[in-house]
Amino acid sequence: MNETPSDNIIQRMRARLWPNGLPRDDRGRMRLVVNNLILHIHPAKVSMRAMRWTYTWGLGGLAAMLLVLLGSTGILLEINYTPSAPQAYLNILELRSNVWFGELIRNVHHWSANLLVVVTVLHLLRVFFTGAYRPPRETNWLIGVGMLLLVLGGNFTGYLLPWDQLAFWAITVGTSVLTYVPLIGDALGRLLLGGPEVSGATLLNFYSLHISFIPLAIFGLMSFHFWRIRKDGGLTNPRGVDETEKVKLERVTTIPHLVRRELVYALVWLAAILVWAMLVPAPLEGIANPDLSPNPAKAPWYFLGLQELLLHFHPLVGAIIIPAAFFIGLALLPFYDVAAENVGVYFRSHRGRSLTVLATGLSLVSTPLWVALDEFVLHWADWLPAWPSLVSNGLVPLAVVALGLILMDEWVKDSFKATVEERVLFLFTFLFVAIFILTIIGIFFRGPGMSLYWPWAMPVVSH
Ligand code: HEM
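Everything numeric in this text was worked out from a predicted model, so none of it was measured.

### Thoughts on helix 16 (residues 389-416)
Between its first and last C-alpha, helix 16 extends 39 Å over 28 residues, near the 40 Å set by a 1.5 Å rise per residue. Taken as a whole, helix 16 carries its principal kink of about 25° at leucine 395; the proline proline 397 stands between one and four residues after it. Taken as a whole, helix 16 has its buried residues at Ser392, Gly394, Val396, Pro397, Met408, Asp409 and Val412.

### Comments concerning a nonpolar patch on the surface
Where nonpolar side chains cluster on the molecular surface, the patch consists of Leu142, Ile328, Leu332, Phe335 and Tyr336 and spans about 460 Å² of accessible area. The element best represented in the nonpolar patch is helix 13 (residues 315-336), accounting for four residues. Examined against the element boundaries, isoleucine 328 turns out to sit in helix 13.

### With respect to the nonpolar core
In this structure, Leu66, Tyr81, Leu116, Leu160, Trp163, Val198 and Leu203 are the most contacted members of the largest nonpolar core, which totals 45 residues. It is helix 4 (residues 59-79) that provides the largest number of residues to this core, a total of nine residues. When near neighbours in sequence (up to four residues on either side) are disregarded, tyrosine 81 contacts Ala88, Asn91, Ile92, Leu161, Leu203 and Tyr207. Of all hydrophobic cores here, the second largest spans 19 residues; its members include Phe129, Trp141, Val424 and Phe432.

### Structural notes on the pattern of salt bridges
Applying the stated rule across the entire model yields ten salt bridges. For the salt bridge of aspartate 232 with arginine 228, the shortest nitrogen-to-oxygen distance reads 2.6 Å. Side by side, aspartate 232 and arginine 228 carry an identical accessibility label, which is buried. Between arginine 348 and aspartate 337 there is a salt bridge whose closest N-O contact spans 3.9 Å. Linking arginine 348 in the loop between helix 13 and helix 14 (350-376) with aspartate 337 in the loop between helix 13 and helix 14, this pair joins segments that are eleven residues apart in sequence. Sharing partners across several salt bridges, the network here consists of Arg134, Asp337, Arg348 and Glu421.

### Quick notes on the packing of aromatic side chains
Here a ring pair, both rings aromatic, is described through the centre-centre distance and the interplanar angle of the planes. Taken as a whole and judged by the stated rule, the model has 29 aromatic pairs. Measuring from centroid to centroid gives 5.5 Å for tryptophan 53 and tyrosine 265, while their planes differ by 65°, and the two rings are edge-to-face. With tryptophan 53 in helix 3 (residues 53-56) and tyrosine 265 in helix 11 (residues 254-279), this residue pair connects regions lying 212 residues apart in the sequence. Looking at tryptophan 53, the relative accessible area reads 47%, which means it is partly exposed. Considering the side-chain rings of tyrosine 133 and tryptophan 141, the 5.2 Å spacing of their centres and the 55° angle between planes classify their relative orientation as tilted. Residues tyrosine 133 and tryptophan 141 agree in their burial class; the two are buried. Ring pairing ties together the aromatic residues Tyr55, Phe128, Phe129, Tyr133, Trp141, Phe326, Phe327, Tyr346, Phe347, Phe428 and Phe432, which thus form one cluster.

### Details of the domain arrangement of the chain
Taken domain by domain, the chain holds domain 1 (43-290) and domain 2 (295-463). For the pairing of domain 1 and domain 2, the buried interface totals around 3400 Å² over both sides, and the portion due to carbon and sulfur atoms is 73%. When the shortest N-O distance is used, the salt bridge between glutamate 421 and arginine 134 registers 2.9 Å. Applying the counting rule to domain 1 against domain 2 returns 16 residue pairs in polar contact (both at pLDDT 80 or more). Listed by contribution, the elements that provide at least two residues to the side of domain 1 that touches domain 2 are helix 3, helix 6 (102-129), helix 7 (138-160) and helix 8 (165-176). The element best represented in the side of domain 1 that touches domain 2 is helix 7, accounting for ten residues.

### Description of the environment of leucine 191
Positionally, leucine 191 belongs in helix 9 (residues 185-193). On a C-alpha basis, the gap between leucine 191 and asparagine 205 in space is 9.0 Å, while along the polypeptide they are 14 residues apart.

### A short note on the environment of threonine 120
With respect to the element layout, threonine 120 can be found in helix 6. Along the sequence, threonine 120 and valine 151 sit 31 residues apart, while their C-alpha atoms lie 8.1 Å from each other. Ignoring sequence-local partners within four residues, the contact set of threonine 120 consists of Leu148 and Val151.

### Comments concerning the coordination of the iron atom of the ligand
Taken together, the protein ligands of the iron atom of the ligand are His123 (NE2) and His225 (NE2), with distances of 2.1 to 2.2 Å. In this structure, the iron atom of the ligand is coordinated by six donor atoms arranged in octahedral fashion, with angles at the metal of 86 to 179°. Residue histidine 123 is found in helix 6, and its partner histidine 225 is found in helix 10 (residues 200-231); the two are separated by 102 residues along the sequence. Residue histidine 225 is classed as buried on the basis of its relative accessible area of 13%.

### Describing unusual backbone geometry
Backbone torsion omega between proline 135 and proline 136 reads 10°, so that peptide bond is classified as cis. Tracing the chain through its elements places proline 136 in the loop between helix 6 and helix 7. Following isoleucine 255, the chain continues into proline 256 via a peptide bond in cis, with omega recorded as 10°. Secondary-structure assignment places proline 256 in helix 11. A positive phi is found at methionine 450, a non-glycine position, where the angle reads about 60°. Note on placement: methionine 450 falls in the segment after helix 17 (420-444).

Cut-offs applied
- Residues numbered from 1 in each chain as written.
- Predicted model: local features only at pLDDT ≥ 70, side-chain atom pairs only at ≥ 80, totals over all residues.
- Heavy atoms only, no water.
- Helix = DSSP H or I, 4+ residues; strand = E, 2+ residues; numbered from the N terminus.
- Expected span 1.5 Å × (residues − 1).
- Bend = angle between axes of the 7 residues up to and from the residue.
- Buried < 20%, exposed > 50% of the residue type's maximum accessible area, 1.4 Å probe, protein only.
- Patch = residues over 30% accessible without salt bridge, like charges linked within 9 Å, V, L, I, M, F, W, Y side chains within 5 Å.
- Areas by Shrake-Rupley, 256 points an atom, 1.4 Å probe, with all protein chains shown as cover.
- Salt bridge = Lys/Arg side-chain N within 4 Å of Asp/Glu carboxyl O.
- Core = buried A, V, L, I, M, F, W, Y, C linked by side-chain atoms within 4.5 Å.
- Contact = heavy atoms within 4.5 Å.
- Phe/Tyr/Trp six-rings, centres within 6.5 Å; stacked < 30°, edge-to-face > 60°.
- Domains from an automatic or database assignment.
- Buried area = accessible area lost by both parts, 1.4 Å probe.
- Polar contact = N/O pair within 3.5 Å; in protein donor to acceptor, adjacent residues only side chain to side chain.
- Donors = N, O, S within 2.8 Å, 3.2 Å for Na, K, Ca; no water.
- Tetrahedral: all angles 85-135°; square planar, octahedral: opposite > 155°, others 65-115°.

Written out as C-alpha cells, the structure is:
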C-alpha cells in the first residue's frame, strides 16, 4: 500500500511523542490515556515548594473534588426527585426509606455542599494571606470571587429542594433581603420567587438554577480557573520569611509526585465524608407550612452573618451597602495591592504576621462588644427620632463603624510604619474575623425573636 503524505506526518508525530513506540498492551494504553488526561489539567513539572502541604493545604483541589462529588451525587438524587410541592418532600421521605443507599447519597450531597462553602472560603483565605492574588493572578482572583458567589448560590438554591419547614423558612428569610435592593428589588424578588412569596413556583425556579445554570457556570469557571493557573506560570512560589532568592526552585514531574499526593488526599477526604454521612443524617423537618413560622426564623448558616448585620443596620445598609462594599473591595484587591514582593510568603513579613495576630485579636474583642453595645445601649432611632430610619439606623451607625476602621488604619500606619500591603492585610483580617464572629453569633447566640441568648440558658430579653 502506498503511504500518503498525511500517514507520513502521523508517523513522524508518533515517533516524536512516543520514541519507544506506542504501548501494545491494554494496560499500557490505558495508562497513556490517563496520563494524557492528567497533563491536560496539570503542567508536566511542578515546583517542589508549591507542592508543600503546609502551603496550599490542598484546599483548591479539595474544593474541586467536592464539586465532582456534588455533581455525581446530585445526578443520582435527581432520578428520584420531582420539583413540585408537596411531591418534593414526599420524594425525600421515600429516598430515606425506600431507595437503596438513598439516604446515604443525600447525606453525602448535603454535607459535601456545606463543606464546600467552608473549604472555598478557607482557600480564598490561603490565597489572600499568601498575596497570591497579585498580578498576574488578578484574573484568577476575580474568577475565584465569581466561583465563591456561585458556590453560595448553589447551596442556597439547594436548601429549598427538600421542601421542609427548615428549607421554606430559611429561604423566606434569605430572599426577603432582595426587597431592599434599590429600584429593582421588588421585580428581582418576584422574578426569583416566581411570585410575591416562596411557593411551588419558587421551588421550580430554584431547582432549575440548581441543576443547570449554577453547575454549568461553576464547572465552566473552574476549567478557566485551572487553565489560568497554568497561564500564570503555575502556583505562586512559597517562601519562608527567612529564605532568600538564592534558594533554587526544585521541580519534579507531576506524574507520579503530585498525582500520588492528590490521590491519597482525595481518598482520605472521601473516606471521612462517607463515614460522617453514615453517622450524621442530613436534617429534615416536617413538610413546609407557610402558616407556621418557626421562632426564630433563620437564614441558612452561611448567611447568618448577613442576617446579624440586618439586626444592627437599616436593611439597605446591612443587606446591600455593606455586603456590596465588602465584595467589591475584595474583588478589587489585586488592583490596589500590587506589590511584587513577598508573593507566596504567608502574612507578607514578620511585621505582617504580628499585624495579622493583632487584627484577629482586636476583631475578636470588638465585634462581640459592638453587637452587645448595639443591642443594649445604642438606640440610634430613639436618639434621632426626627431623622428617617435610613439615616438614623443606617447611615449614622455605618459612619461610626467606618470612622472606627479609618482611625484603626491610621494607627497601624503611624505606629507600625506599615506598608500599603500590610495595611490591607490588617484591615481584611479584621473584617474576615468580624464576619466569622457575626456568623457564630447568628448561629449560636440568637434565640427566640432573634434576641441575644445563651444557648445553654434562658433567652436574654433585649430592647
Ligand atoms: C469552587 C471553588 C474553587 C476551586 C475548585 C478552586 C481550585 C483551585 C486549585 C485546585 C488551585 C491550585 C491549588 C491550590 O491553590 O490549592 C487554585 C489556585 C488559586 N485559586 Fe482557586 N479555587 C476555587 C475558588 C477560589 C476562590 C474563591 C478564589 C479567590 C477569590 C480563588 C483564587 C485562586 C488563585 C488566585 C489561585 C492561584 C494561587 C497561587 O498561584 O498560589 N479560587 N484554585
